Amino acid sequence: MTYTIYYGTLVHSLSLTELEIVKNGVLVVDNEKGVIVQVEKDVNDLDDYLETSLYQNAQVHKLGDEQFLVPGFVDTHAHAPQYMFAGSGMDLQLLEWLESHVFPCESAFKDVEHATTAYTKVIKRFLLNGTTTCSWFATIHLGACKKLVDIIEDLGQRAYIGKVNMDQNSPDYYIESTESSLDDTRAFIEYVQEKKNHLVTPVVTPRFAITCSTELMQGLGQLANDYNVPIQTHLCENHDEIDFSCSLFKDSKDYTSIYDDHQLLTERSYMAHCVHMTDEEITVLADRKTGVAHCANSNFSLHSGVCDVRRFLDKGVKVGLGTDVAGGFSPS
């Protein structure tokens, strides 16, 4: 076995309210397994530590006085194909922005060669920014989705990856049938799981209620249950989105109930944005143990609104941060 030792200042969070700063810390990495195997605090004499440890032959990397190590960043919500136009189209709100920028961009990913070039760029960029874990939306195209998985696996990022589902209220050039959407989702899940790589996880990914029929959402909920995989989608991002969604599913009490009525809210589900939520809807998320991906940059850039995260934390809802590229212009 070969090891690398990092010596210097280590910074990490113990909880939402506690930050630990470790001076003269030793962090030992098993290079073959790619995992941290030991952490020591307050090691004032590194040479003495090495002489009495099991790692005398380790490669040592000493951090400078102004350097420190932090855990890799976790991005709970990003759209891999949209990196192609990140930073543009900020003059529109959500639904118009999807029609003008997102759907034309994503439709091009039916070309696997194009997808290979684009996905390689975005994964490398996110890793360069320190994002070692990301939850990705891809597109509706099975071939390109598989390619994204291969690229992520090759580059070594931990990732949750979703083949997007859309069988209604979508452009003619970028839509799937209900049957093909479910069949391709099943094939995608099996493709990822057959790799037996604990760093990559398939995620059931209905784009949002507007583009998914009842039959599709019911089928996706069943797939998530059958294969024991997470679920990700968008929720209550924009007022027009909320109104349109509720007009399509009149039997549901509110937007959150649409997903709940289709068995898409579980302890392995996480909803992006959640800007405009009633107290009752937040309680539903808490009861289902469903998490929230908070995308502050995107919420401002697309003029969606301000998400009061404290309302969720006060009710015990899990909250993570997401860039929502390209709704958010920054990949970090």
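1. Section: the overall build of the protein
- Regarding its fold elements, the protein presents eleven helices and 15 strands.
- Its C-alpha atoms give the protein a radius of gyration of 22 Å, near enough to 20 Å, the size a compact globule of 332 residues would have.
- Each of the three principal axes of the protein carries a C-alpha extent, and together these read 70 × 45 × 40 Å.
- For the protein, with 332 residues in total, the buried portion stands at 51%.
- Pairs at least 24 apart in sequence give 70% of the contacts found in the protein among residues at least 6 apart.
- Per element, the accessible surface of the protein, about 15,600 Å² overall, is 49% carbon and sulfur.
- Distance from the positive charge centre (25 side chains) to the negative charge centre (48 side chains) of the protein: 3 Å.

2. Observations regarding the nonpolar core
- Counting 75 residues, the largest nonpolar core has Tyr119, Trp136, Tyr259 and Leu285 as its most contacted members.
- It is helix α4 (residues 142-155) that provides the largest number of residues to this core, a total of seven residues.
- Other than its neighbours up to four places away in sequence, Tyr259 contacts Phe208, Ala209, Met217, Thr233, His234, Leu235, Leu264, Leu265 and Met271.
- Membership of the second largest hydrophobic core comes to eleven residues, among which are Val26, Leu50, Tyr55 and Ala58.

3. Focus: the confidence of the model for the protein
- Of the residues in the protein, 100% have a pLDDT of 70 or more, and the chain-wide mean is 97.
- Per-residue pLDDT, averaged within each element of the protein, yields its smallest value for helix α1 (residues 46-52) (92) and its largest for strand β9 (residues 164-165) (99).

4. A few points about the sheet that holds strand β14 (residues 291-294)
- Across the sheet, which stays open at both edges, the four strands sit in the order β12-β13-β14-β15 with parallel pairing between neighbours. The strands lining the two open edges of the sheet, one partner per strand, are β12 (231-235) and β15 (319-321). The mean angle between the axes of side-by-side strands here comes to 30°, regardless of whether they run parallel or antiparallel.
- Here three bridges tie strand β13 (residues 269-273) to β14, and the two strands are oriented parallel to one another. In the strand pairing of β14, Ala272 is matched with Ala293.

5. Regarding the side chain of Ser213
- Looking at where Ser213 falls in the secondary structure, it is placed in the loop between β11 (205-206) and α6 (214-227).
- Setting aside residues no more than four positions away along its own chain, Ser213 makes contact with Asp167, Gln168 and Thr178.

6. What to know about a nonpolar patch on the surface
- Together, Phe68, Val70 and Phe73 make up an exposed nonpolar region whose accessible area comes to about 300 Å².
- Secondary-structure assignment places Phe73 in strand β6 (residues 73-79).
- On the basis of relative accessibility, which here comes to 43%, the residue Phe73 falls in the partly exposed class.

7. Description of unusual backbone geometry
- Note the cis peptide between Val325 and Ala326, where omega equals 10°.
- Along the chain, Ala326 falls in the segment after β15.
- At Gln263, a residue that is not glycine, the phi angle is positive and equals roughly 60°.
- Secondary-structure assignment places Gln263 in the loop between α8 (255-261) and β13.
- In this structure, His303 takes a positive phi of about 60° despite not being glycine.

8. Some details on the pattern of salt bridges
- Scanning the model with the defined rule gives nine salt bridges in all.
- Note that Glu153 and Lys195 form a salt bridge whose closest N and O atoms lie 2.9 Å from each other. Separated by 42 residues along the polypeptide, Glu153 in helix α4 and Lys195 in the loop between α5 (178-193) and β10 (200-202) bring together distant segments of the chain.
- Owing to a relative accessible area of 31%, Glu153 belongs among the partly exposed residues under this scheme.
- Classification of Lys195 as partly exposed rests on a relative accessible area of 25%.

Cut-offs applied
- All chains use their own residue numbering, which begins from 1 and follows the written sequence.
- Residues qualify for local features only when their pLDDT is at least 70, as the model is predicted, and side-chain atom pairs are given and counted only at 80 or more; totals for whole chains, interfaces and linings, by contrast, use all residues.
- Hydrogens and water are ignored here; the side-chain numbers use all heavy atoms of the structure.
- The secondary structure listing takes helices from DSSP runs of H or I that are at least 4 residues long and strands from runs of E that are at least 2 residues long, numbered from the N terminus.
- To get the radius of gyration, use the C-alpha atoms; to get the globule rule, take the number of residues to the power 0.38 and multiply by 2.2 Å.
- For every residue, the accessible area obtained with a 1.4 Å probe (protein chains only) is divided by the maximum for its type, and the residue is called buried under 20%, exposed over 50%, and partly exposed between those limits.
- Between two residues, a contact is recorded if the distance between any of their heavy atoms is within 4.5 Å.
- The accessible surface values rely on the Shrake-Rupley method and a 1.4 Å probe; as for residues, cover is taken only from the protein chains in view.
- For the purpose of charge, His is not counted, nor are the chain termini; Lys and Arg are scored as positive and Asp and Glu as negative.
- A charge is said to be at NZ when it belongs to Lys, at CZ for Arg, at CG for Asp and at CD for Glu.
- Nonpolar cores are built from buried Ala, Val, Leu, Ile, Met, Phe, Trp, Tyr and Cys residues. Side-chain atoms within 4.5 Å join them into one set.
- For every residue, the predictor reports its confidence as pLDDT, a number between 0 and 100.
- By definition, two strands form a pair when at least two bridges between them are found by DSSP.
- To define axes, lines are fitted to C-alpha atoms, for helices over the stretch in contact only, and angles between the resulting N-to-C directions are given on a 0 to 180 degree scale.
- Like-charged residues within 9 Å of one another, or nonpolar side chains (Val, Leu, Ile, Met, Phe, Trp, Tyr) within 5 Å, are grouped into patches, provided each residue has over 30% relative accessible area and no salt bridge.
- In the sections that follow, a salt bridge refers to a side-chain nitrogen of Lys or Arg positioned within 4 Å of a carboxyl oxygen of Asp or Glu.

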